[in-house]
Amino acid sequence: VRIFTAGLATETNSFSPFATGQQAFEDYGLIRGDPRGADDIMSRGAALLTTLAGADGHEVVAGLRTFAQPGGLTPRSVYETLRDDVLQDAIARGPFEAVILQLHGAMMAEGYDDCEGDMLSRLRHALGRHVFIGAVLDPHAHLTAEMTASADVLAFMKEYPHTDGAERLETVYRLCIAARAGAVGLATATVDMRMLGIWPTTGGAMRTFVDEILQREGRDGVHLVNVVHGFPWGDCADNGAKVQVVADDERIARRVALETAERFWAIREETRLTTLTIDEGLDRVGRCPGLVVLADAGDNPGGGAASESTFVLRRALERRTRDLGFGYFWDPVSVRLCAEAGTGARIPLRIGGKVGPASGDPVDVEAHVRGVGQIATENFSGSLSQLGQCAWVEVDGIHLILTSLRSQPFGPDGFGALGLDVSSLKGVVVKSTQHFRYGFGAIASEVHILGTPGTISMDLTRIPFRKRGLDYWPRVARSDLHG
Ligand SMILES: [Zn+2]
């Protein structure tokens, strides 16, 4: 079996103040060629496929792999060029019996509310019905009818933080081989939950739920139980949580999809994200004997925010909080000023609030430059996340990490790379919602999500949708899943 693989992913926030253009993809690389040995997350996926297929005597041909940090809409020509690169490669280097893609599921471009559906349907049209088409996607996806109709198998990651990409990719590969041998059927059934939410899977009822659905897969004709969380800040008709089951026949798929949906609906209240106000969060710093990690969720670049809002910083300075770290402020201009002045210098800096009103007002400070350098920080599963040139500055006992590239902290590595040991601090404010737990989970004594203002404010009842209906829970109370 000859398999073509490629990756194109970003998560589009319709309310982000800036476009996700060509440079945003180039920042992370337009990567081609043999994926083995590369350290970006998509090449690692392609390398895994190559190894799995190689062991079975099959061949994998890898095309383009590219990812952009989430932001606003992608310009039409940028999306079409990337899409056509993948399509033309899949045709020109064929024939292939299968195509397995790494996608996001919430990518939107000018004129395209459903980039993944567009891409999969063009691929299907070009390659025909007999070619297996599968994809691994992020759970923060808008699952559409076009995506379902165009692909044989869609596998959504189950974990948040998304640490299970390799497992889901292996499942798609195994189903591809089994389906081609006629050993399994690939019937799907989908239930629209008409819910919006943020569902970390690291604890509580959501952890139990994910463990339960993992138990259902691979037995009794059930191949995949997808729980698609949805990405609340994408303004499109298909936005929202969904359950999709892939099984040997439609009857099994429908029954398990309905059972899973009922179970998800039943735990909606206990899995609701709870947040603290900025002051409640800062109150914990110093009172808790260990490290307090506060998530500035409204300004998470991983959801398309600018990562430079000043709401928490301003309040911490007013309260004279000390031994508090912040990561990361996206501020290439200030990084440049720090690099020019050099480590040890004391310089005036205007921090944050530069991109737009969602970031709040800038804060003028007298900064002590404590360190300058390039950072490539460790991301999930050993892949590297680039932050570019960075600076560590101190302002009255508050420590800020400023970066040239926009990214959320996955752990303390980025702080440590410039010499800031987070164990010397009482608190760290991370511009992240959940992925920071990957590296901070083990060293934090307390973790709190702050209900901060910003591009991805956690109040899901007030998202100013234009294309999506407003009849979703929790905006509208419903007593049962079907009501
Ligand atoms: Zn996600």
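See above for the structure.
Values in this document were obtained by computation on a predicted structure and should not be read as measured data.

This part covers the pattern of salt bridges. All told, the structure shown has 36 salt bridges when counted by the stated rule. Of the charged contacts, one joins glutamate 80 and arginine 76 as a salt bridge, the two residues approaching to 3.3 Å between their closest N and O atoms. Of this pair, glutamate 80 and arginine 76 both sit in helix H3 (residues 76–92), four residues apart, roughly one helical turn. Here arginine 174 ties to glutamate 170 by a salt bridge, and the two come within 2.9 Å at their closest N and O atoms. Taken together, the positions of arginine 174 and glutamate 170, both in helix H6 (residues 165–180) and four residues apart, correspond to about one turn of that helix. When its relative accessible area of 40% is taken as the criterion, arginine 174 is described as partly exposed. In this structure glutamate 170 comes out as partly exposed when scored by relative accessible area, which is 29%.

Within the open sheet, the five strands sit side by side as E2-E1-E3-E4-E5. Their pairing is parallel. If you trace the sheet from one side to the other, it starts and ends with strand E2 (59–67) and strand E5 (153–156), each paired once. Each adjacent strand pair in this sheet contributes to an overall mean axis angle of 15°, direction not counted. The pairing of strand E3 (residues 98–103) with strand E4 (residues 132–137) spans five bridges and is parallel. Of the residues in E4, the one forming a bridge with glutamine 102 is valine 136.

Turning to the packing of aromatic side chains, a few remarks are in order. Going through the model one piece at a time under the given rule, you end up with 13 aromatic pairs. Pairing phenylalanine 209 with phenylalanine 264 gives two aromatic rings, centres 5.3 Å apart and planes at 25°, and the pair type is stacked. Placement of phenylalanine 209 in helix H7 (residues 204–216) and of phenylalanine 264 in helix H8 (residues 250–266) is noted, with a sequence separation of 55 residues between them. Of the residues examined, phenylalanine 264 reaches a relative accessible area of 0% and is grouped as buried. Across from the ring centre of tryptophan 330, 5.6 Å away, lies the NZ or CZ of arginine 406, which sits over that ring. For lysine 431, the ring lying beneath its charged end belongs to phenylalanine 329, and the centroid distance is 4.7 Å.

Looking now at H3. Helix length check: H3, at 17 residues, gives a terminal C-alpha distance of 23 Å against a target of 24 Å (1.5 Å per residue), a fit within 8%. Three or more residues of H3 are buried, namely Val78, Tyr79, Leu82, Arg83, Val86, Leu87, Asp89 and Ala90. Viewed end-on, H3 has its buried residues packed into an arc of 160°, placing them on one side of the element. Residues of H3 that are exposed and point more than 90 degrees away from the buried face comprise Thr81, Gln88 and Ala92. On its buried side, H3 packs onto strand E1 (2–9), helix H1 (22–28), E2, E3 and helix H4 (115–127).

Cut-offs used in this document
- For every chain, the first residue of its written sequence is number 1, and the numbers climb from 1 along that sequence.
- In keeping with the predicted nature of the model, local features appear solely for residues at pLDDT of at least 70, side-chain atom pairs appear and are counted solely at 80 or more, and the whole-chain, interface and lining totals rest on all residues.
- As a rule here, side-chain values come from all non-hydrogen atoms in the structure, and water together with hydrogens is ignored.
- A pair is scored as a salt bridge if a Lys or Arg side-chain nitrogen falls within 4 Å of a carboxyl oxygen belonging to Asp or Glu.
- Elements are defined by DSSP. Helices are runs of H or I of four residues or more, strands are runs of E of two residues or more, and each kind is numbered from the N terminus.
- A simple rule labels every residue: compare its accessible area, found with a 1.4 Å probe on the protein chains alone, to the largest value its type can have, and call it buried under 20%, exposed over 50%, or partly exposed in between.
- Following DSSP output, two strands are said to pair if at least two bridges run between them.
- All axes here are fitted lines through C-alpha atoms, helices being fitted over the stretch that makes contact, and every angle between N-to-C directions spans 0 to 180 degrees.
- Between 30 and 60 degrees the pair is tilted, below 30 it is stacked and above 60 it is edge-to-face, where a pair is any two Phe, Tyr or Trp rings, Trp via its six-membered ring, whose centres lie within 6.5 Å.
- Whether a charge lies above a ring is judged from NZ of Lys or CZ of Arg, which has to be within 6 Å of the ring centre and within 35 degrees of the ring normal.
- The span expected for a helix works out to 1.5 Å for each residue beyond the first.
- To be clear, the arc concerns the directions from the helix axis to the C-beta atoms.
- Residue contacts follow a heavy-atom distance rule, with two residues in contact if any of their heavy atoms lie within 4.5 Å.

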